[in-house]
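# Observations on the model geometry
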Amino acid sequence: MRHRHLPTVALALGVVVLLDVLRVWLPSIITIFGQAAETPAELLGAFALGWFVLALAAPVLVRRLGARPARLAAAGLLAATRLALTAAPGGRVQLWLACAGLLAGLVWLAATAATVDRPAPGLAFGLAGAAVGHALLGTEDLVWRGGVLGWAVSVLLVGAFLAAQAAAGPAAGLPGRGAAGRVAWLLVGPVLLLAGQVALAPAVWDAAASYWHGSADLPGLGLPPAHLAAVPELAIGLFLVALLVRPPRPVARLLWPVALVAGAGLFAADRAGWLAAAVLLAAAGLGGCLALVDTDVHGGNALVRRRSGKALVRATVAGTTTAPGPVAGAGAGAVTGPDDGARSGEPAGPHTGGGDGGGRRGFAVVGGMLAFAVGAVAYYAAYDLGYPNGGVPVLAALAVAAAAVAAPPGAARRFRTPVPAWTVLGAMLLTAVGGGIHRPAPAPHPPATPPATVRVVAYNIRMGFGLDGRLDLDALARAVDGSRPDVVLLSEVDRGWLLNGGHDTLALLAGRLRMPYVFAPAADPVWGDAVLSRFPVRAGETRPLAAHGAPTGAQALGVTLDLGGRDLAVVATHLQPPPGQDPVAQAREVAAFATRYAAGRPLVLGGDLNTEPADPAFAEFTRAGLVDALTAARPLRTSPADDPRTQIDHVLVSPGLTASGATAPRATASDHLPVAVTIALS
């Protein structure tokens, strides 16, 4: 590997490691510090943003210690916390380790910015590599995987990151005061937000593919693709094509910003059917915009001339002209200067970066990451505070698009044609391999004769995070599978929320249980409720519920199961009560929807209803003629899981169905206990 490529490789590997830490830190803020919405949203947001505000001191620290010592020290701490998080027992230990890792990552970014003036290539390849890796892992982070293989891959990743940090000097190119370099570093935060929310999020790719493969009998619902989906491969391919194969600049300055803003707008529109288009447009637009901002840091201040086969460079920095000399590495865009560590091989000193140019880039990247934190908190706090949040991704896209349009033409090195072709095809192939490894369970066949009983489980899975704050899908699967269910009704199903780490919890759980799923969006296209079944699903319908003052969206999902000659109607829901109230109005809506959907067929309704048997909301179901299937086992407390005090998870059935064997198995894989009951079909 040529020396001039090392800073790009080091930055790309660092982005991958930092994303690993972020995927732990973000859900830890919610599940451990936030205690599942028990902590006020304002306090939670202040705690989260405080770490990014604290990191504003990082550029000052870098200037005092020197860019290279600060970068190596921060990289070492980032690597150590990344490995420690795999071994952490969860709880407060995990929270503080993740906070330390985040802060180390922000200091590392500031120190890297002091010596690297072109972050776009390293950032882009880091995001692409992280996305492909996440797809190969089925969206379950390497951080959560122990065992010999998991530890071996983690150690290899961290070892490569540290080796690249030690080997990399300043990037080829004269560090200076150019505004282009600062703008590029400032965009790191908005780019991470857009990539993690929609463009380069494999879990969102999977959710989009599941809507793409829906049917006329199940409109607006997500289903396991019957064959390998095209959305993931197209998303990573479009991102890399837009990044590497650059059209004429006038075309690119219009095409890629428009695509990015359009993709963010479709995502913000909160329409499940538009999610695939949003993903593909955002992926292409993000790659193209990164290519546009990847300009020489000096822009028009650098004059490159060739005389007698030698490149002569005249670079003006702060009014001082450096002596011309041979271009280091003989590559386009490579310029030399007195502090060029890539040419001299000397370690960077305290002021490497051309005066305060590196310091300004450090403040730019930390400020951009603060924008990332503000955007993430603002988007997801809306589901607790109840305000419109669609503008967050659109504003981030507009910021990136504006920078791309305004970026001056630069001397960025063009890739040779075979390189992008192999890069794109290889990334698409690996993404397809990930889809093949984690294929969903095949659709079941109807039984030869209708079963006499059906075992039903209703479970609020809290996005897959247990009481210890760790993502443990195996524990979740054990909590469900221990009841030997035929039908599973799931609440709080996450299929790619950045705040929860960007996992497709539904596909991961369905794969472990070997049960196909039907997913209905509630808060947005990647968060809602689901039904898993060992019987074929013939039809389905989702109905959004009116908020009635509750901030988080809710819906009722009805599916028709083929039991081999007879149908069973199943309705899954998660009621969202207004603050301090009982969800009476939503309960009335769900009861009316369920009885209409069943249309006289046997009916099972269940989920986290957020109401107790003696409350008015629960009475709406019994008033509609439904029967409490858990009566014989009352009181059957289900929340919180470690000390159950409330009965808020329920199963109800239509008259004529008999319930028995109701239990609430003890488990800490969520903050709720599952409820299981056997339904005898008359």
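The sections below set out a description of the structure shown in this document. (Residues numbered from 1 in each chain as written. Predicted model: local features only at pLDDT ≥ 70, side-chain atom pairs only at ≥ 80, totals over all residues. Heavy atoms only, no water.)

## Focus: the overall build of the chain
Here is the rule we go by: Comment: elements are numbered from the N terminus, with helices defined as DSSP H or I runs of at least four residues and strands as E runs of at least two. Buried means the residue's accessible area, taken with a 1.4 Å probe over protein chains only, is under 20% of the maximum for its type, while exposed means over 50%, and partly exposed covers the values in between. Pairs of residues are marked as contacts when any of their non-hydrogen atoms sit within 4.5 Å. A 1.4 Å probe and the Shrake-Rupley method give the accessible areas. Residues count as covered only by the protein chains that appear here.
Each helix and strand counted, the chain has 21 helices and 15 strands in total. Residues classed as buried in the chain amount to 58% of the 682 residues present. At a minimum sequence separation of 6, the contacts of the chain that also span at least 24 residues come to 77%. Here the chain has roughly 24600 Å² of accessible surface; of this, 63% comes from carbon and sulfur atoms.

## Examining the sheet that holds strand β12 (residues 627–628)
Under the convention used in this document: Strand pairing is defined by DSSP finding a minimum of two bridges between the two strands. Lines fitted to C-alpha atoms define the axes here, with helix axes fitted over just the stretch in contact, and angles between the N-to-C directions of these axes take values from 0 to 180 degrees.
The strand order β8-β9-β10-β11-β13-β12 describes an open sheet built from 6 strands, whose pairing is mixed. The open sheet has two free edges, formed respectively by β8 (537–545) and β12, since each of these has just one partner strand. Of the strands in this sheet, β8, β9 (554–562), β10 (567–574) and β11 (603–608) touch helix α20 (residues 584–598), which is tilted by about 155° from β8.

## With respect to empty space enclosed by the protein
Filter applied, for reference: In the cavity and pocket records, a cavity denotes points on a 1 Å grid over the protein atoms alone where a 1.4 Å probe fits but cannot get out, a pocket denotes an open set with protein on both sides within 12 Å along at least 5 of 7 lines, and lining residues are residues with an atom within 4 Å of a point. Grid points are joined across faces, edges and corners, and a volume is the space filled by probe spheres set on the points. For this classification, Asp, Glu, Lys and Arg are treated as charged, while Ala, Val, Leu, Ile, Met, Phe, Trp, Tyr, Cys and Pro are nonpolar and the rest, including Gly, are polar.
Counted by the stated rule, this structure contains 6 cavities of 30 Å³ or more. As a volume, the largest cavity reaches approximately 220 Å³. Surrounding the largest cavity, 18 residues form its lining, L19, R23, G196, L200 and L498 being those nearest its centre. Those elements that provide at least two residues to the lining of the largest cavity are α1 (6–33), α6 (120–136) and α9 (188–199). Here the lining of the largest cavity is composed, by residue class, of 13 nonpolar, 4 polar and 1 charged.

## Observations concerning the nonpolar core
Basically, it comes down to this: To form a nonpolar core, buried Ala, Val, Leu, Ile, Met, Phe, Trp, Tyr and Cys residues must be joined to one another through side-chain atoms within 4.5 Å.
Formed by 157 residues in total, the largest nonpolar core has its most connected members in W25, Y459, L490 and L532. Among the elements that make up this core, the one with the highest residue count is α1 (15 residues). What L490 contacts, discounting residues up to four positions off in sequence, is Y459, I461, L506, L509, D529, A530 and L532.

## Section: the sheet that holds strand β4 (residues 453–460)
In space, the 6 strands of this open sheet follow the order β6-β7-β5-β4-β15-β14, with mixed pairing throughout. Each edge of the sheet is formed by a strand with only one pairing partner; in this case those strands are β6 (517–524) and β14 (658–663). Strand-to-strand twist in this sheet, taken as the mean axis angle between neighbours without regard to direction, amounts to 20°. Judged from the 5 bridges that link them, β4 and strand β5 (residues 487–494) form a sheet pairing that is parallel.

## Some thoughts on the environment of L513
Within the secondary structure, L513 is located in helix α19 (residues 505–513). For L513, a relative accessible area of 5% corresponds to the buried category. On a C-alpha basis, the gap between L513 and V480 in space is 8.4 Å, while along the polypeptide they are 33 residues apart. When near neighbours in sequence (up to four residues on either side) are disregarded, L513 contacts A477, V480, D481, L532 and R534.

## Points about the side chain of R455
Test applied: Under the counting rule used here, the positive set is Lys and Arg, the negative set is Asp and Glu, and His together with the chain ends is not counted. Just to be clear on terms, a salt bridge is a Lys or Arg side-chain nitrogen sitting within 4 Å of an Asp or Glu carboxyl oxygen. The definition of a polar contact used here is a pair of N or O atoms within 3.5 Å, where within protein one atom must be able to donate a hydrogen and the other to accept one, and adjacent residues in sequence count solely through side-chain atom pairs.
Along the chain, R455 falls in strand β4. Buried and without a salt bridge, R455 has D486 as its closest oppositely charged side chain, separated by 7.4 Å. Among the polar contacts listed, one links the side chain of R455 to the backbone oxygen of G661, at a separation of 3.0 Å. Filtering out sequence-adjacent residues up to four positions away, R455 remains in contact with S483, R484, P485, D486, V487, S660, G661, T663, A676, V677 and T678.

## What about the pattern of salt bridges?
Two side chains with opposite charge may pair up if their charged atoms get near one another. A full pass over the atoms with the stated rule returns 18 salt bridges. In this structure, D567 engages R538 in a salt bridge whose closest nitrogen and oxygen atoms are separated by 2.3 Å. Residue D567 is located in strand β10, and its partner R538 is located in strand β8; the two are separated by 29 residues in the primary sequence. The class of R538 is partly exposed, set by a relative accessible area of 40%. Close ionic contact of R588 with E620 constitutes a salt bridge, the shortest N to O distance being 3.4 Å. Residue R588 is found in helix α20, and its partner E620 is found in helix α21 (residues 616–623); the two are separated by 32 residues along the sequence. A relative accessible area of 44% means that R588 is categorised as partly exposed. In this structure E620 comes out as buried when scored by relative accessible area, which is 11%. Connected through salt bridges with shared partners, the residues D20, R23, R82 and D141 form a single ionic network.

## Focus: a nonpolar patch on the surface
As a reminder of what qualifies: Within the patch definition used here, like charges are joined within 9 Å and nonpolar side chains (Val, Leu, Ile, Met, Phe, Trp, Tyr) within 5 Å, considering only residues with over 30% relative accessible area and no salt bridge.
A grouping of V53, L56, V60 and F363 is seen on the molecular surface, where their side chains present a nonpolar patch of about 310 Å² in accessible area. With respect to the helices, strands and loops of the structure, F363 is situated in helix α15 (residues 357–385). According to the relative accessible area criterion, F363 is partly exposed, its value standing at 41%.

## Some words on helix α16 (residues 391–406)
Operational definition: For a helix, the expected span equals 1.5 Å multiplied by the number of residues minus one. Read the arc as the range of directions from the helix axis to the C-beta atoms.
For α16, built from 16 residues, the straight-helix expectation of 22 Å at 1.5 Å per residue is met to within 8% by its first-to-last C-alpha distance of 22 Å. Of the positions making up α16, those classed as buried are V392, P393, A396, A397, V400, A401, A403 and A404. Buried positions in α16, seen along its axis, are confined to an arc of 165° and lie on one side of it. The exposed residues of α16 that point more than 90 degrees off its buried face are L395 and A406.

## Comments concerning the environment of A70
Following the sequence through the fold, A70 ends up in helix α4 (residues 67–87). The buried category is assigned to A70, whose relative accessible area is 3%. Taking the C-alpha atoms as reference, A70 lies 6.2 Å from A111; in sequence the two are 41 residues apart. Setting aside residues no more than four positions away along its own chain, A70 makes contact with V62, L65 and A111.

## Some words on the packing of α1 against helix α2 (residues 41–54)
What counts here: Note: crossing handedness is left-handed where the near helix turns anticlockwise from the far helix by less than a right angle, and right-handed where it turns clockwise.
Viewed as axis vectors pointing N to C, α1 and α2 meet at an angle of 145°, and their least axial separation amounts to 11 Å. Crossing of α1 against α2: the hand is right-handed. Facing α1, whose interface residues are W25, I29, I30 and F33, α2 presents L43, L44, F47, A48, W51 and F52.

## Some points on the packing of aromatic side chains
Centre-to-centre distance and the angle between the planes together describe a pair of aromatic rings. Applied cut-off: Only the six-membered ring of Trp is used, alongside the rings of Phe and Tyr, when aromatic pairs are assigned; centres must lie within 6.5 Å, and planes under 30 degrees apart are stacked while those over 60 apart are edge-to-face, with the rest tilted. By the criterion adopted, a ring carries a charge over it if an Arg CZ or a Lys NZ lies within 6 Å of its centre and within 35 degrees of its normal.
Across all of its chains, the model carries 16 aromatic pairs by this definition. Judged by centre distance (6.5 Å) and plane angle (55°), the rings of Y211 and F519 are tilted. Placement of Y211 in helix α10 (residues 202–212) and of F519 in strand β6 is noted, with a sequence separation of 308 residues between them. Accessibility expressed as a relative area gives 11% for Y211, which makes it buried. Their ring planes at 20° and their centres at 5.9 Å tell us that F593 and Y597 sit as a pair that is stacked. Of this pair, F593 and Y597 are both found in helix α20, 4 residues apart, which corresponds to roughly one turn of the helix. Here F593 matches Y597 in class, with each residue buried. Of the aromatic side chains, those joined through ring pairs into one cluster are F267, Y379, Y380, Y383, W497 and W527. Directly above the aromatic system of Y597 lies the positively charged group of R601, at a separation of 5.4 Å from the ring centroid.

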